[in-house]
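Reading the structure
For reference, the chains in residue letters:
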Amino acid sequence: MNDTTSDRLFRYALCALAPIVGIVIIREIPIGYVAADYYYYQRTFYDFFQQGGTWGEMHFGAAPGLFTNLLPVWIESRFLEDLTRLFLFHISLYGMITGGVIWLIARRLTGDNVAAVFAMILSILLIIVIGGENSFWNRPSHHYGSVINLLICLLLLLHGPGRWGVIAGVWAVVIMTVISDFLFIPMYCGLVSGFLLVIWLSGGEPFRRVLGLGLVLALPVAIGVGLYYLILPNAAANPVWASGLSLRDVVSSPPTHLAAMKFLAQESIRLPVYLAAPAVAVLTLLSMGRTHEGFHGFIAVLVGFQIVVWGNIYMSGLGYPEVARYRLFAVNLSCILLALGAALLLVRKGSQAKLRWIGYSLLLALGLGYLINPVADRIRFINSMDRAYFDYIDEVRCIREAAEGKGLTAGIGAYKDASPYTMLTDGEVFLYPVDGRSLKPANYLVSRVGLKRPYNFALVSLDLSRYKFNDRRT
């Protein structure tokens, strides 16, 4: 078999993986959601656009996701009214965007379309198989939009951080993302510092030039923070990291850092991908040689990603180590780095046909193996979420019929019920969130426009095990 025939067959073989990846993704997307946080964006639209709320009456969350999620969801909602379809499309769209950006990054590093497709497929599979709670499919998370934007920044930097077009693009992405999610700030700073460090140490630019570039690339962070407090009404405290700790607490509490270092060691063992990704990357660099066009770019990706990964884990350990979703930068970037390293090691342009087919065999084994034998706990979780959603729909229908039969117009309820009930009934059961027995309005994530309504009922629920989806009475 000559090289041309082998290349053609390899391309066809990669195309055959598309159905496997598609089924894996669709199988693990929940049909619907029960938790109130998933209805944050829809409730925001409802209060602002349908109820006539003013900008000053809005109460966004600490990470409002204005440009990482709110704007995309608003555009999607112009064409998709059903919430279930909107959720499913939004998750699928973010998966496609993730794959597209990874393809562009891999194309830049490898100079080969086939290797880029290989890296993209492997990245998506690793994110799903390993990522779990931190993959794009599991929840319409504003933090995942920040992951995508960090990858876009990387793609721009690979085209040369000193070019004015690149700087303008990075500025636009960073400012919009910082306004949306402060968790992006340390991740972006880590990526840029690693990238510029490699440029300086490799002799690509003198130190003064690199320092100037660092200041230019850091400025949009300050602008984004200023705009957050300037343009957002009722701006909530937005810590730089998802730890719940103030800067004073972090600086003045050595035990906090000891606990974070302990957690860092534990987490590095819990998920082998954290260590496997840089190991494969180093092996790839040793096999490439300095003459390869993607050599220096891949070193910059490796160093930048490692700063982000370990920094993300450390900051998560400072405050909320039990909340896995705050480590989504670490998990996703490790999966992508592993995929990029494997593509450059096995499938890059000029590699032996035998290496390509070894890489394909590994990729096929991962995709087909997970399709046939998925993680049992993951499937049980998805099924439990689906059952909980359908039960919740029945519950909402029952309450709506009772409210309509008694002529009730608007009510109060706990935060966990206020937005889901309001949105799943399109406002027919309108609930404003209140705090427990005090009945104090809980303005978090809603607009004060709802307080202008006359209220004539309250929804009281006994939630025994909401997060396990077992038993619930209203």
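We now turn to the structure provided with this report. The structure displayed is predicted, hence computed values, not measured ones. (Residues numbered from 1 in each chain as written. Predicted model: local features only at pLDDT ≥ 70, side-chain atom pairs only at ≥ 80, totals over all residues. Heavy atoms only, no water.)

Describing the overall build of the protein chain
- The helix and strand inventory of the protein chain stands at 18 helices and six strands.
- For 474 residues, the compact-globule estimate of 2.2 N^0.38 gives 23 Å, and the protein chain sits close to it at 24 Å.
- Along the longest, intermediate and shortest principal axes, the C-alpha atoms of the protein chain span 75 × 50 × 45 Å.
- Going through the 474 residues of the protein chain one by one, you find that 53% of them count as buried. (Helix = DSSP H or I, 4+ residues; strand = E, 2+ residues; numbered from the N terminus. Rg over C-alpha atoms; globule rule 2.2 N^0.38 Å. Buried < 20%, exposed > 50% of the residue type's maximum accessible area, 1.4 Å probe, protein only.)

Overview of the environment of Leu 318
- Within the fold, Leu 318 resides in helix 14 (residues 295-319).
- Residue classification places Leu 318 among the buried positions, given a relative accessible area of 9%.
- A C-alpha to C-alpha distance of 21 Å links Leu 318 and Ser 334, two positions 16 residues apart in sequence.

Here's the deal with helix 3 (residues 40-50)
- Counting buried residues in helix 3 gives eight out of 11 residues, a clear majority hidden from the surface.
- All buried positions along helix 3 are accounted for by Tyr 40, Tyr 41, Gln 42, Arg 43, Thr 44, Phe 45, Tyr 46 and Asp 47.
- Phi for Gly 52, located one or two positions after helix 3, is positive at around 75°.

Section: a negative patch on the surface
- A cluster of acidic residues, Glu 81, Asp 82, Glu 401, Glu 404, Asp 426 and Glu 428, forms a negative patch at the surface.
- Following the sequence through the fold, Glu 401 ends up in helix 17 (residues 376-405). (Patch = residues over 30% accessible without salt bridge, like charges linked within 9 Å, V, L, I, M, F, W, Y side chains within 5 Å. Areas by Shrake-Rupley, 256 points an atom, 1.4 Å probe, with all protein chains shown as cover. Salt bridge = Lys/Arg side-chain N within 4 Å of Asp/Glu carboxyl O. Lys, Arg positive; Asp, Glu negative; His and termini not counted. Charge placed at Lys NZ, Arg CZ, Asp CG, Glu CD.)

Examining the pairing of strand 2 (residues 430-435)
- Extensive coverage of strand 2 is indicated by the burial of five of its six residues.
- Handedness of the crossover is the feature at issue here: the chain leaves strand 1 (residues 410-413), passes through helix 18 (residues 415-424), returns alongside strand 2, and the resulting connection is right-handed.
- Judged from the two bridges that link them, strand 2 and strand 3 (residues 440-441) form a sheet pairing that is antiparallel. The residue bridging Val 434 from the neighbouring strand is Pro 441, located in strand 3.
- Here strand 2 hands over to strand 3 after four residues, with Gly 436 in that stretch at a positive phi of 40°. (Right-handed = clockwise from strand over helix to strand, strands pointing away. Pairing = 2+ DSSP bridges.)

Focus: the packing of aromatic side chains
- One pass over the structure, following the stated rule, counts 22 aromatic pairs.
- What links up through ring pairs into an aromatic cluster is the set Phe 45, Phe 48, Phe 49, Trp 55, Phe 60 and Trp 74.
- Geometry around Phe 49 places Arg 78 over its ring, the cationic atom sitting 5.9 Å from the centre.
- Across from the ring centre of Phe 10, 5.5 Å away, lies the NZ or CZ of Arg 356, which sits over that ring. (Phe/Tyr/Trp six-rings, centres within 6.5 Å; stacked < 30°, edge-to-face > 60°. Lys NZ or Arg CZ within 6 Å of the ring centre and 35° of its normal.)

Some details on the side chain of Asp 112
- With respect to the element layout, Asp 112 can be found in the loop between helix 5 (83-110) and helix 6 (113-131).
- The class for Asp 112 is buried, based on a relative accessible area of 10%.
- Leaving out residues up to four positions away in the same chain, Asp 112 has contacts with Arg 107, Val 347, Arg 348, Lys 349 and Arg 356. (Contact = heavy atoms within 4.5 Å.)

Concerning the pattern of salt bridges
- For the structure shown, the criterion picks out 11 salt bridges.
- For the salt bridge of Arg 378 with Glu 28, the shortest nitrogen-to-oxygen distance reads 3.0 Å. Taken together, the positions of Arg 378 in helix 17 and Glu 28 in the loop between helix 2 (18-27) and helix 3 put the pair 350 residues apart, joining distant regions of the chain. Glu 28 matches Arg 378 in its accessibility class, with the two residues each being buried.
- The shortest N-O distance in the salt bridge between Asp 377 and Arg 380 comes to 2.1 Å. Of the two residues, Asp 377 and Arg 380 are both situated in helix 17; the distance of three residues between them amounts to about one turn of the helix. Of the two residues, Asp 377 and Arg 380, neither departs from the other in class, the shared state being exposed.
- Ionic contacts of the salt-bridge type, sharing partners, join the residues Asp 7, Asp 112 and Arg 356 into one network.

A word on the state of the cysteines
- A complete count under the given rule lists zero disulfides for this structure.
- Take Cys 153: it sits in no disulfide, and the sulfur closest to it among the cysteines is that of Cys 189, at 11 Å. (Disulfide = S-S within 2.5 Å.)

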